[in-house]
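Here's the letter readout for the chains.
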Amino acid sequence: MQITTVSSRPYNDQKPGTSGLRKKVKCFQQPNYLENYIQATFDCMTDYKGQALVIGGDGRFYNRHAIQIIIKIAAANGCRQLLIGHQGLLSTPAVSHLIRKYQAFGGFILSASHNPGGPDKDFGIKFNIASGSAAPEQLTDAIFARTLEINRYYRATFDDIDINTIHRLEIDTLTVSVIDSVTDYAQLMTEIFDFDLLRKVITNKSLSLCFDAMHAVTGPYAKHIFETMLSAPPGSVINATPLEDFGGGHPDPNLTQAQTLAALMFSPSAPDFGAASDGDGDRNLILGNNTYVTPSDSLAIMAANAQLIPGYHQGLCGVARSMPTSQAIDRVAQYLNIPCFETPTGWKFFGNLLDAKKITLCGEESFGSSSNHVREKDGLWAILFWLNLIAQKNKSVKEIVHEHWLKFGRDIYSRHDYEALDLTLATTLFNQLRDKLATLSGKNFNGYVVSHADEFNYQDPVDGSHSKNQGIRIRFTDGSRIVYRLSGTDTVGATLRIYIERFTQDTTQFDTDPQISLAPLIALAEQFCEVKKKTGLKEPDVIT
Ligand code: VG1
Ligand code: CO
C-alpha cells in the first residue's frame with residue numbers, strides 16, 4: 001500500500017461543539033478541511049496502530065465522499081481493520097455498540113444529527129473512543145489545538161471501496177469489512193426487551209404503532225425491527241428510505257418537524273403508539289393516541305418502571321439528567337433511593353458515570369435517553385422501552401403518564417428556542433444576563449422569589465475534570481426554574497435556548513397546556529434576558 005504525506009494548511013474554526021464538529025457542507029468541501037480534522041484526531045491518539053475503527057454516518061449529503069477520505073487516512077495511519085456500515089449507514093447508537101462489541105479503538109460518525117442535509121445544508125463529524133462514548137472534552141480540546149497547527153496528513157493510495165455491497169476485502173495487512181448496518185444492533189435490542197411479548201401484542205392487534213424515520217438513518221433499522229422481527233403491518237414505518245436531504249425537512253423528532261406523524265397521532269384514527277427518531281438515530285419522540293410525552297417525563301417514567309423491562313429487572317444503580325432537563329427524574333430517584341446526577345448538556349458527560357457504574361439510565365430534555373447498553377443516546381431503544389412498557393402494563397400511553405403524575409406530581413416543562421440570532425447580539429444578551437445574576441437572589445418577581453441564580457459549572461465526579469459556563473440557571477423558592485443556554489450544535493449565528501419548569505401536585509392542572517401554566521415564568525424569562533425586546537421577535541422559532 002502506497003502512503004503519501006500530503007502537505008496542508010490549518011483552519012482556525014475546527015472547534016467541536018456539544019456533539020462533534022458541525023459546519024455547512026460548503027465549509028467541509030474546502031481543500032483538506034475534513035482531511036485535517038481526521039489527521040488531527042489520529043495525531044491526538046496513541047494506541048490505535050493495528051487496531052479496528054468503525055466508520056458510518058446518517059446518510060446525508062457528503063457522507064459517502066467523507067467515508068472514502070476517512071478510509072484512506074485511517075489506512076495510512078496504521079489501522080488494521082475498518083468496519084464500515086453498508087451504504088455508509090450507521091446510526092450513532094449502532095456505532096457506539098459496534099465499537100464496544102468488536103473492541104475497536106474508536107469510530108467516526110458522519111452526522112449533523114437533527115440539522116438539515118443537502119449541498120447547502122449541514123454536515124458533521126464526531127469521534128467516539130474505545131468505550132463507545134463520544135470523545136471527552138479533554139480530547140476534543142486537544143484535537144482542536146492540533147487543527148490549529150497541522151501542516152500535513154497521511155493518505156493511502158487505493159481505489160475507492162465499494163460500500164454498496166456487504167463484503168470483506170484485504171489490502172496488504174488492512175482488512176476492510178462492509179457490514180450489515182442493522183444486525184448487531186437488532187441483536188442487542190433482543191437482549192434487553194421482551195420481543196416475544198411485543199410480537200404477540202402487535203400480531204393480535206392489541207397494540208398498533210406508527211414510526212416515522214424522517215428519511216434518516218433509522219429507516220432500515222426500524223423496518224427490520226418493527227416490521228420483520230416484530231411483525232408490525234407493512235407501512236407501520238413511514239419515511240423509511242434514507243435520503244441525502246431527508247426529503248427537505250429537518251430530521252428532528254418533535255411536533256413541529258414530524259408533522260405527518262403528529263397529524264396522525266392527534267386524529268380520530270390514531271394508533272396506540274407513535275414515535276420518531278432524528279437524523280442519526282439517537283433521539284426519540286414518544287406519542288400515544290392523542291398524547292404527547294415530554295422527553296423529561298419520558299425519562300422519569302422509564303426510570304420509575306425500569307424493573308418491568310427484562311434488561312433492567314434488577315433495578316437501576318443510579319440515574320442522571322442534563323442540567324436543563326426537568327427535575328421529574330430527581331423525584332423518581334429519591335423515591336427509589338438511588339443517586340441522581342446533574343451533568344452539562346451533551347451526551348459525552350454521561351460516559352464516565354456509565355463506565356464507573358454510577359448510573360444505569362440517563363437522558364436529556366432534547367428528546368434523548370439511553371442506558372448502559374451503549375455510550376450514546378439511543379432513539380429506537382427508548383421507543384422499544386415504551387412499547388415493552390405498554391405491553392407489560394397493558395395500559396395506554398395516556399394512562400401511564402397520568403398514573404405517573406398522580407404518584408409523583410407533574411413537572412410542567414417547556415423549551416423555547418430563538419434560532420439564527422446575530423452572534424454579537426446573542427453574546428451581549430447572555431453577558432447582560434450573567435451580570436444580573438448576583439443581584440437576583442432574594443428578590444420577589446410577581447410572587448416568584450429567586451432562591452439561587454448562578455452559572456452552571458460541573459466537576460466530573462469520576463475524573464474530577466471541570467467544565468465551566470454550562471448555562472445560566474435561576475431557581476425560585478417553590479422549586480421552579482428558568483435556564484438559559486447558547487446552543488453548541490448550530491451552524492448559523494447563535495441559538496438561544498430558554499428552559500422553563502414548574503412543579504405541581506394539583507391534579508386540576510395536569511391537563512392544562514404548559515404554555516398557559518408556565519405563562520408567568522415565561523414572562524419573567526423575557527424580563528430577565530429581553531430577547532424579544534432586543535430582537536423585535538414576537539415568538540420563539542421552536543417551542544417543545
Ligand atoms: C443539542 C441538545 C443537546 C444534545 C445535542 C446533540 O445541543 O440541546 O441536549 O445533546 O443537541 O444532540 P445544543 O448545544 O444545540 O443545545 V444530537 O441528536 O444533535 O447528536
Ligand atoms: Co442526533
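Cut-off values and rules
Residues numbered from 1 in each chain as written. Chains lettered and ligands numbered in written order. Predicted model: local features only at pLDDT ≥ 70, side-chain atom pairs only at ≥ 80, totals over all residues. Heavy atoms only, no water. Donors = N, O, S within 2.8 Å, 3.2 Å for Na, K, Ca; no water. Buried < 20%, exposed > 50% of the residue type's maximum accessible area, 1.4 Å probe, protein only. Near = heavy atom within 4 Å. Polar contact = N/O pair within 3.5 Å; in protein donor to acceptor, adjacent residues only side chain to side chain. Nonpolar A, V, L, I, M, F, W, Y, C, P; charged D, E, K, R; others polar. Disulfide = S-S within 2.5 Å. Helix = DSSP H or I, 4+ residues; strand = E, 2+ residues; numbered from the N terminus. Contact = heavy atoms within 4.5 Å. Salt bridge = Lys/Arg side-chain N within 4 Å of Asp/Glu carboxyl O.

### Details of the coordination of the cobalt ion (ligand 2)
Reference values for angles at a metal are 109.5 degrees in the four-donor tetrahedral case and 90 or 180 degrees in the six-donor octahedral case.
Right, on to step 1. Distances from the cobalt ion (ligand 2) to its protein donors, S113 (OG), D278 (OD), D280 (OD) and D282 (OD), fall at 2.0 to 2.1 Å.
Right, on to step 2. Donor residues for the cobalt ion (ligand 2) sit on one chain with the sequence pattern S-x164-D-x1-D-x1-D.
Right, on to step 3. Taking the relative accessible area as the measure of exposure, D280 reaches 3% and is therefore buried.
Right, on to step 4. Since its relative accessible area comes to 3%, D282 is described here as buried.

### Examining the site of ligand 1
Right, on to step 1. Taken together, 21 residues sit near ligand 1, with T18, S113, S366, T489 and R497 positioned nearest.
Right, on to step 2. One of the side-chain nitrogen or oxygen atoms of H114 is found 3.0 Å away from an oxygen atom of ligand 1.
Right, on to step 3. One nitrogen or oxygen atom from the side chain of R283 is found 2.7 Å from an oxygen atom belonging to ligand 1.
Right, on to step 4. For the shell around ligand 1, the per-class residue count stands at no nonpolar, 10 polar and 11 charged.

### Notes on the state of the cysteines
Right, on to step 1. Evaluation of the coordinates by the stated rule reveals 0 disulfides.
Right, on to step 2. Not part of a disulfide, C27 finds its nearest cysteine sulfur in C44, a span of 19 Å.
Right, on to step 3. Here C317 is not disulfide-linked; the sulfur of C362 is the nearest cysteine sulfur, at 10 Å.

### Brief notes about helix 8 (residues 218-229)
Right, on to step 1. Taken together, the buried positions of helix 8 are T218, G219, Y221, A222, I225, F226, E227 and M229.
Right, on to step 2. One or two residues past the end of helix 8 sits S231, with phi positive at roughly 60°.

### As for the side chain of S370
Right, on to step 1. Turning to its location among the elements, S370 is positioned in strand 18 (residues 368-371).
Right, on to step 2. Not counting chain neighbours up to four residues away, the residues in contact with S370 comprise W347, T360, L361, C362, E376, K377, D378 and W381.

### Observations regarding helix 17 (residues 519-529)
Helical periodicity: at 3.6 residues per turn, an α-helix aligns residues three or four positions apart in one direction.
Right, on to step 1. By the burial criterion, the buried members of helix 17 are L521, I522, L524, A525, E526, F528 and C529.
Right, on to step 2. Just downstream of helix 17 lies E530, where phi reads positive at about 55°.

### Let's talk about unusual backbone geometry
Right, on to step 1. Of note, N32 is a non-glycine position whose phi angle comes to about 65°, a positive value.
Right, on to step 2. Positionally, N32 belongs in the loop between helix 1 (25-28) and helix 2 (33-43).
Right, on to step 3. Residue classification places N32 among the buried residues on the basis of a relative accessible area of 19%.
Right, on to step 4. Of note in the backbone geometry, S113 takes a positive phi value of approximately 55° without being a glycine.
Right, on to step 5. With respect to the helices and strands, S113 occurs in the loop between strand 5 (106-110) and strand 6 (122-129).
Right, on to step 6. With relative accessibility at 4%, the residue S113 sits in the buried group.

### Topic: the pattern of salt bridges
Right, on to step 1. Within the structure shown, the criterion is met by 33 salt bridges.
Right, on to step 2. Between D122 and K24 there is a salt bridge, and its shortest N-O distance comes to 2.9 Å. Taken as a pair, D122 in strand 6 and K24 in strand 2 (residues 21-24) lie far apart in primary sequence, 98 residues in all.
Right, on to step 3. Note on D122: relative accessible area 3%, which makes it buried.
Right, on to step 4. Ionic pairing is found between R473 and D454, a salt bridge with its closest N-O pair at 2.8 Å. With R473 in strand 24 (residues 472-476) and D454 in strand 21 (residues 448-455), this pair connects stretches of sequence that are 19 residues apart. The pair R473 / D454 is uniform in exposure class, with both members buried.
Right, on to step 5. Through salt bridges with shared partners, a single ionic network connects R321, D330, E342, D454, R473, R481 and E501.

The values are spatial; any link to function lies outside them.
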